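# Residue-level structural notes
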Amino acid sequence: MGTEGDSFPLMEVNTSDPEASEPWDYVLVAERRGRRATGQAHRQLQFLEELKRKGFRYKIMEDREKVFFGIRAESRIFDLYRTLLMEPEGPGTRTQPAGPAPIPASTRIRIVNFVLNNTTAAGDTLDDLVKSGVFETRFVLHKGQDDLRKEWAQWRRVLRPQPIDNIRDYFGEKVALYFAWLGWYTYMLVPAAAVGLLVFLSGFALFNASQISKEICEAHDILLCPRGDHSRRYQQLSDTCTFAKLTHLFDNEGTVVFAIFMALWATVFLEIWKRQRARVVLHWDLYGWDEDQEEMALQLINRRDYQLRLHQHSYLRSSVILILSVLMICLMIGMAHLLVVYRVLAAALFNSALLFQEEQVTTAVVVTGALFHYVVILIMTKVNKCVALKLCDFEKPRTFSERESKFTTKFFTLQFFAHFSSLIYIAFILGRINGHPGKSVRLAGLWKLEECHLSGCMMDLFLQMAIIMGLKQTLSNCAEYLGPWLAHKCRLMRFKLGRASGDPELRDVQHNYLLNPVNTFSLFDEFMEMMIQYGFTTIFVAAFPLAPLLALISNLVEIRLDAIKMVRLQRRLVPRKAKDIAASQATSTTACPCSTPRTSRTPSRQKAQRTSLSAGTATTAMPGTTACRSNSGSCWPSACCSSSSSSP
């Protein structure tokens, strides 16, 4: 078996174990060609023999291209696990059973995964062997998922409650808690979506009844100075009538009430979720369970001479991490400035190239700017994940749970600034640093800073949120499902052309191998996506009342997409035990339930409301422009226009 040129037939090692007919806990995969060409069979055998010494049995199976190693742990490993933790496994069990309770499949897989990842042979861990090509990959077999296929992973069950207990039994407590949280969040979005839709529809009902819009539409004798450097045309205030009416759809009398409602809604949601989580944890009998204690027990199962690492605090290391984190946050804020530069240059390009009519330039700049920001978000998400991982590795956390918590905090902080820095700029800065006509602030001394939309900055914020949130919910869901589905179909078609096996056991292993791979971040990415959505739904909801409705529809689809993907298209996730999702509590608190107030009420509408159109002389201004009118209707360009503009 250890020679370099051996071709391994279907064979089994240590077949005398009474559990030989049971399914494998884990499967390792290697290239058959690589075993012959590079002589890596010896390193594989070393690792497998080390596992055997720890109480595992293995079986070698082959097809034309791959070698599969079925791994199963002996019962004495789980007896030691019970002894170390000294508590029963079953939910709601408080008394010691007469005989040893069977170990749940999720617990078996969790223990085996930990031992495999921490086993070393000749100084190499399993990750080292995978990186060097000794093993191609490893995965857990899907077994007993038929109930989840029928009750959960089907589109026709989209409005049915989720089988949380079944999810827990199959994928572990951490995945079950995530879907319990997602289901409760989706349920709580129903009243928020209803109120937001009501506010939006009330704007439709009062589309032509707003007094402010009426005064703007009737202001035919009020002129606005030219916008930008290239425009020399004076515009009547009444030309913005359509934009004023559109803004009233989401910026009306009900907006303030809705913002207050959402602030209260977010607080109530978090507090009631704590009760829901406590009920679930009590049902699963997890209050006496401690994650650090379990990790130490698993370390002792893996190595009898394990010594707990002491906590090492370094002021130098903490200072370096703090400085690097601040620099990354500054880079995220710099991305917002990059958006400003893009919008200024795009406005100049659209005006000079005559790609759009003069009235459409601002709208085109806002829309393309939102698309540009969406692309930046996609790029910076990958950068932020790498940076957060590097910072965690440099910090050297003591346990896996500590590392996960630190990574979550760092990654969410960077993602928060990546997603919301441009929205903060539009809501609170745009249109307030432009200077005034005759003394405009310019980029590099050449281009005037951008101005708000004709209907005010609220329209800019609405378009930015609608485009980014819409793209994230639609394109992300499509890519999240179509990508794994197409990849699985391609792998399946290629497999059927080559090496289908007649052996049922090998065929089952091959079927699981052809599913899409999973990693540590598979569940984390889903959770982080929901946290960012929660931020869009609460922080700037006053500018986009339809955000809760869009989130509700997206989540109903998201739950079934994730279910289908996890049960049908992906390899089985390694179950993780948890009694809370502390990361969600931290990130939800960070994304504080504060809705943006109506601070961006359009200047033109505010001033038009205060202006009596029957008065002798009145002025009204758009951001960065000035309008003036006299009794005779004449205008004084020198008083209201920039030096680059001339009188018509």
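Residues numbered from 1 in each chain as written. Predicted model: local features only at pLDDT ≥ 70, side-chain atom pairs only at ≥ 80, totals over all residues. Heavy atoms only, no water.

An unreviewed UniProt entry lists the chain under the name Anoctamin, with Vulpes vulpes as the source organism. The record held by UniProt for the chain lists under Sequence similarities (unreviewed entry) the comment "Belongs to the anoctamin family." As stated in UniProt under Subcellular location (unreviewed entry), the record for the chain gives "Membrane". (UniProt positions renumbered as here; feature names shortened; annotations may be inferred.)

Moving on to the overall build of the chain. Check the secondary structure of the chain and you find 22 helices and 13 strands. The 648 residues of the chain split such that 51% are buried. Counting only contacts in the chain whose residues sit at least 6 apart along the sequence, the fraction spanning at least 24 positions is 79%. For the chain, the computed accessible surface area is about 29,500 Å², with 60% contributed by carbon and sulfur atoms. (Helix = DSSP H or I, 4+ residues; strand = E, 2+ residues; numbered from the N terminus. Buried < 20%, exposed > 50% of the residue type's maximum accessible area, 1.4 Å probe, protein only. Contact = heavy atoms within 4.5 Å. Areas by Shrake-Rupley, 256 points an atom, 1.4 Å probe, with all protein chains shown as cover.)

Moving on, we get to the packing of aromatic side chains. In this structure the tally under the stated criterion is 26 aromatic pairs. With a centroid separation of 5.6 Å and 5° between ring planes, the pair formed by F407 and F411 is classed as stacked. Linking F407 with F411, this pair stays in helix α15 (residues 400-428), spanning four residues, or about one helical turn. The class of F407 is buried, set by a relative accessible area of 5%. Taking the relative accessible area as the measure of exposure, F411 reaches 2% and is therefore buried. Aromatic side chains F412 and F416 sit 6.3 Å apart centroid to centroid with 45° between the ring planes, which places their arrangement in the tilted category. Placement of the pair is F412 and F416 together in helix α15, with a separation of four residues, close to one helical turn. By relative accessible area, F416 is classed as buried at 19%. Aromatic rings pair up to connect W181, Y185, W265, F269, F527 and Y534 into one cluster. (Phe/Tyr/Trp six-rings, centres within 6.5 Å; stacked < 30°, edge-to-face > 60°.)

Below, the discussion takes up the pattern of salt bridges. Applying the stated criterion across every chain, the model contains 24 salt bridges. With a shortest N-O distance of 3.0 Å, D508 and K143 are connected by a salt bridge. Here D508 is found in helix α17 (residues 504-513), whereas its partner K143 is found in the loop between β5 (137-139) and α6 (146-151), with 365 residues between them in sequence. K274 serves as the salt-bridge partner of E271, at 3.3 Å between the closest nitrogen and oxygen. Here E271 and its partner K274 are both found in helix α11 (residues 253-283), three residues apart, which amounts to about one turn of the helix. We classify E271 as partly exposed; its relative accessible area is 43%. For K274, a relative accessible area of 39% corresponds to the partly exposed category. Ionic contacts of the salt-bridge type, sharing partners, join the residues K174, E291, E404 and R576 into one network. (Salt bridge = Lys/Arg side-chain N within 4 Å of Asp/Glu carboxyl O.)

So, about the UniProt feature "transmembrane region" (unreviewed entry) in the chain. As recorded in UniProt, the sites labelled "transmembrane region" (unreviewed entry) are residues 175-201, 255-273, 319-341, 361-380, 411-433 and 531-557. When the span residues 361-380 is considered, its composition is 100% helix and 0% strand, and the gap between its end C-alpha atoms is 28 Å.

A separate point is the packing of helix α8 (residues 173-205) against helix α19 (residues 547-569). At a minimum axis separation of 7 Å, α8 and α19 run at an interaxial angle of 155°. Here α8 lies roughly antiparallel to α19, going by the angle between them. Two packed elements cross with a definite hand, and for α8 against α19 that hand is left-handed. For the pair formed by α8 and α19, the contact residues are V175, Y178, F179, L182, G183, Y185, T186, L189, V190, A192, A193 and L197 on the first element and P548, L549, A551, L552, N555, L556, E558, I559, D562 and M566 on the second. Grouping the constituent residues of the contact of α8 with α19 by class yields 17 nonpolar, three polar and two charged. (Axes fitted to C-alpha atoms, helices over the stretch in contact; angles between N-to-C directions. Parallel < 35°, antiparallel > 145°, perpendicular 65-115°, else oblique. Left-handed = near helix turned anticlockwise from the far one by under 90°. Nonpolar A, V, L, I, M, F, W, Y, C, P; charged D, E, K, R; others polar.)

Quick look at the confidence of the model for the chain now. Interpretation of this model should avoid reading the predicted coordinates in detail wherever pLDDT is low. Mean pLDDT over the chain stands at 76; residues scoring 70 or higher make up 76%. Looking across the chain, the model is least confident in helix α22 (residues 637-640), with a mean pLDDT of 35, and most confident in helix α7 (residues 164-171), with 92. Predicted confidence for residues 597-648 stays below pLDDT 50, and this span has 126 contacts to residues more than four positions away or in other chains. (pLDDT = per-residue confidence, 0-100.)

Quick look at α11 now. Between its terminal C-alpha atoms α11 stretches 46 Å, which fits the 45 Å expected from 31 residues at 1.5 Å a residue. Buried within α11 we find T255, F258, A259, M262, W265, A266, F269, L270, W273, R277, V280 and V281. (Expected span 1.5 Å × (residues − 1).)

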